[in-house]
Amino acid sequence: MSVWTQSKTLSLYYHIYSTALSVASNFENYIHMKYDLIDNKLFIKNRKNFMAQMKPNSLAVFNSNDIYPISADSTMPFQQHRDIFYLSGVDQEESILVLFPDCPKEKHREILFLKETNDHIAVWEGEKLTKEKAFETSGIKTVYWLKDMEKIMFELMTQCDTVYINTNEHYRANVETETREDRYTKWLKEKYPAHSVAKSNPILQRLRSVKDPIELALMQQACDITEKGFRRILKFTKPGVWEYNLEAEFMHEFLNNRSRGFAYTPIIGSGNNANVLHYIENNQQCKAGELILIDAGAEYANYASDMTRTIPVSGRYTDRQTEVYNAVNRVKNEATKMLVPGTLWEEYHVEVGKIMTSELLGLGLLDKADVQNENPDWPAYKKYFMHGTSHHIGLDTHDYGILTEPMRENQVFTVEPGIYIPDEGFGIRLEDDVVIQKSGEPFNLMRNIPIEIEEIEDIMNS
C-alpha cells in the first residue's frame, strides 16, 4: 500500500471512530464532564489486558487523585489519576478500583468503590456517579460505596497472596507531594504486612504506551481542537499583541470545542523568549519582525495533544528566519520517517543528531572544526538543539513507555526538533504528534495543522 493510500485509509479509519464517538452524544452525557461518554469496551479490554499479566492469586488496587488545596477553602480543579481512568473510565475523586482475577467470588474480581452520592452533594457539588452510571461508564458490575471499603478489603486480602501497588516510576517523575495512592499503599502495607508486594507500573507502562483505536480517535479529536485554536491564532496575530492575548485566544477556542483547556502549561515565547525552553510567563508584547514560538495543545477526555509552531508577528518570515525554519522542518520530516516498529530510542536520537549537525553546518552555525572536536557526550549540535526529539504522548503529555524497549505499532510520539539562536534573537521549534504504523511512515495526527511557510503566511495575510 502506498503511503498516500495508507494515509487516506487511516483518515477514513479515524473519521469513522470520531463519528462513532459523536454518536455517543445521543446518550446522556457523562455526569458533569464536557466530553461524550467513551465506549466502555475500551476499559473492559484494558482491565482484561492488565489482569492477564498479574501473578496467580494476586490483587491490584488503584486510587483516584486528591483534590489539591490552594489555601483557605480554595482547591485546584480536579484531574483524575490517569491509571484508574485508563482501567475504568471513572473521572471522579475518592474512587478506588480493585482487580482480583482469581477471587473465589466472581462478583469480586472487579470492584469499584465510589463516594456515595446523595441529594445534598448533588445540590452543592453536582451529581456524582450512581452505581448504574458507574457500570455504564466502566463495565464493572460490582460497585460499593467507599464506606464499605475496609470491610470488603479485609475479606479480599484474606483470599489473596500478593497485592499490586501503584507507584509512579515515570522517567520524568519528580513528586514531592504524598498522593492519595501513596497514603493508601502505606495503609495497606501496615495493615497487611504478610502479603507479598508487586508493582503495577511496569505492566501499565507497556499497556498504556500502545493505543487502542478508540484512544487514537480521542487523541485525534484533541489534535483537531488544537488545529482550530492555531488557525484562530494565525488570524489574530499582529504587531503589538501580547503573549497572553494569544494564550487567551487558544483557551477560547478550546473551551468552545468541549476541551477542558490546555493539556499542559502553554509556552508562547516571542523574540528571545523562544530560547527559554520552559518559558511559561507569556507576559511580553510581540514586536514587528519577531517570531513567536507557540507550544500548546488541547486535551480532550483526558487525552493530550502537543503542538509546536513558530510564526512571524508581522505575517512574513525574513530570509534568515525562513532559512532556519526550513532546516528545522527538514529535520522533523526526516526524524518522523525513523519512527517505525523496532526503532530503539537511543539510536534514534543519535541519528537525528547527525541530521541536525548537517543542517547546522549548512546554516553556518557550526563549522567542521566544531564537529571534529566535539565532546561525544555533548555533541556540537547540542549548542543549538539541546533537548530530545520525541516523547510518548497519550493520557499524559509525557506518557508512559519504556525507553529501552523497541518502538511498537500504535505507539504515539511527538516529533519536535528545534534550533535556538539567542545571538540572532529567535528560536524555532516545530512539533507534530504521530502514530507508529505496522509498516511505512507514521500517521500524523496533526497533518491538517498548517506548518509550511507558504500556508502560514497566506492565512496570516488573507
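Predicted, not measured: the structure shown is a model, and the values here were computed from it.

Colleague: Teacher, can you tell me more about the overall build of the protein here?
Modeller: When helices and strands are tallied, the protein shows 14 helices and 18 strands. Here the protein has a C-alpha radius of gyration of 24 Å; the compact-globule value for 462 residues is 23 Å, and the two agree. Taken over 462 residues, the protein has a buried fraction of 54%. Of all intrachain contacts in the protein linking residues separated by at least 6 positions in sequence, the fraction that spans at least 24 positions is 73%. Total accessible area on the protein stands at roughly 20800 Å², and carbon and sulfur atoms take up 52% of it.

Colleague: When you look at the pattern of salt bridges in this model, what are you seeing that I'm missing?
Modeller: Side-chain pairs of opposite charge can arise where the charged atoms are in close proximity. Throughout the structure, instances matching the rule amount to 32 salt bridges. The partner of Lys 211 in a salt bridge is Asp 399, and the shortest N-O contact between them spans 3.0 Å. Of this pair, Lys 211 sits in the loop between α8 (201-209) and α9 (213-236) while Asp 399 sits in the loop between α13 (368-372) and β14 (412-415), placing them 188 residues apart in sequence. In this structure, Lys 211 and Asp 399 share a single accessibility class: buried. Among the ionic pairs, Glu 351 bridges to Lys 354, the shortest N-O distance being 3.1 Å.

Colleague: In this structure, what is going on with the pairing of strand β5 (residues 110-114)? I would like to understand it.
Modeller: For a regular strand, the rule is simple: side chains alternate between the two faces of the sheet. For β5, the buried fraction is high: 4 of the 5 residues fall into the buried class. Where strand β4 (residues 96-99) and β5 come together, 4 bridges link them in antiparallel fashion. Following the sheet pairing, Val 98 is matched in β5 by Ile 111. Pairing of β5 with strand β6 (residues 142-145), which is carried by 4 bridges, proceeds in the parallel orientation. Considered in β6, the bridge of Leu 114 is made with Trp 145.

Colleague: In this structure, what is going on with the domain arrangement of the protein? I would like to understand it.
Modeller: By a widespread convention, an interface's size corresponds to the accessible area lost as its parts come together. Each assigned domain of the protein is listed with its residue range as follows: domain 1 (40-206) and domain 2 (213-461). The centre of domain 1, based on its C-alpha atoms, is set 35 Å off from the matching centre of domain 2. With 16 residues of domain 1 in contact, the opposing surface of domain 2 contributes 17 residues. Taken together, domain 1 and domain 2 are joined by 1 salt bridge. Between Glu 405 and Arg 206 there is a salt bridge, with the nearest N and O atoms lying 2.5 Å from each other. Of all the elements, α8 adds the most residues to the side of domain 1 that touches domain 2, at 5 residues. Residue composition of the side of domain 1 that touches domain 2, by class: 7 nonpolar, 4 polar and 5 charged.

Colleague: Looking at this structure, how should I read the environment of His 108?
Modeller: Take His 108: it is sitting in the loop between β4 and β5. Take His 108: its relative accessible area is 1%, and that puts it in the buried class. A C-alpha to C-alpha distance of 40 Å links His 108 and Asp 224, two positions 116 residues apart in sequence. Other than its neighbours up to four places away in sequence, His 108 contacts Phe 100, Cys 103, Thr 142, Tyr 144, Ile 152, Glu 155 and Leu 156. Polar contacts involving the side chain of His 108 include one to the side chain of Tyr 144, which spans 2.8 Å.

Colleague: It is not clear to me how unusual backbone geometry should be interpreted in this structure. Could you clarify?
Modeller: Backbone geometry follows two general trends: most residues other than glycine have a negative phi, and most peptide bonds adopt the trans configuration. Phi angles above zero are rare outside glycine, and Asn 57 is one such case at about 55°. Residue placement: Asn 57 occurs in the loop between α2 (41-51) and β1 (58-63). Here the phi dihedral of Arg 258 falls at roughly 70°; this positive angle occurs in a residue that is not glycine. On the basis of relative accessibility, which here comes to 30%, the residue Arg 258 falls in the partly exposed class.

Definitions and limits used
Residues numbered from 1 in each chain as written. Predicted model: local features only at pLDDT ≥ 70, side-chain atom pairs only at ≥ 80, totals over all residues. Heavy atoms only, no water. Helix = DSSP H or I, 4+ residues; strand = E, 2+ residues; numbered from the N terminus. Rg over C-alpha atoms; globule rule 2.2 N^0.38 Å. Buried < 20%, exposed > 50% of the residue type's maximum accessible area, 1.4 Å probe, protein only. Contact = heavy atoms within 4.5 Å. Areas by Shrake-Rupley, 256 points an atom, 1.4 Å probe, with all protein chains shown as cover. Salt bridge = Lys/Arg side-chain N within 4 Å of Asp/Glu carboxyl O. Pairing = 2+ DSSP bridges. Domains from an automatic or database assignment. Nonpolar A, V, L, I, M, F, W, Y, C, P; charged D, E, K, R; others polar. Polar contact = N/O pair within 3.5 Å; in protein donor to acceptor, adjacent residues only side chain to side chain.

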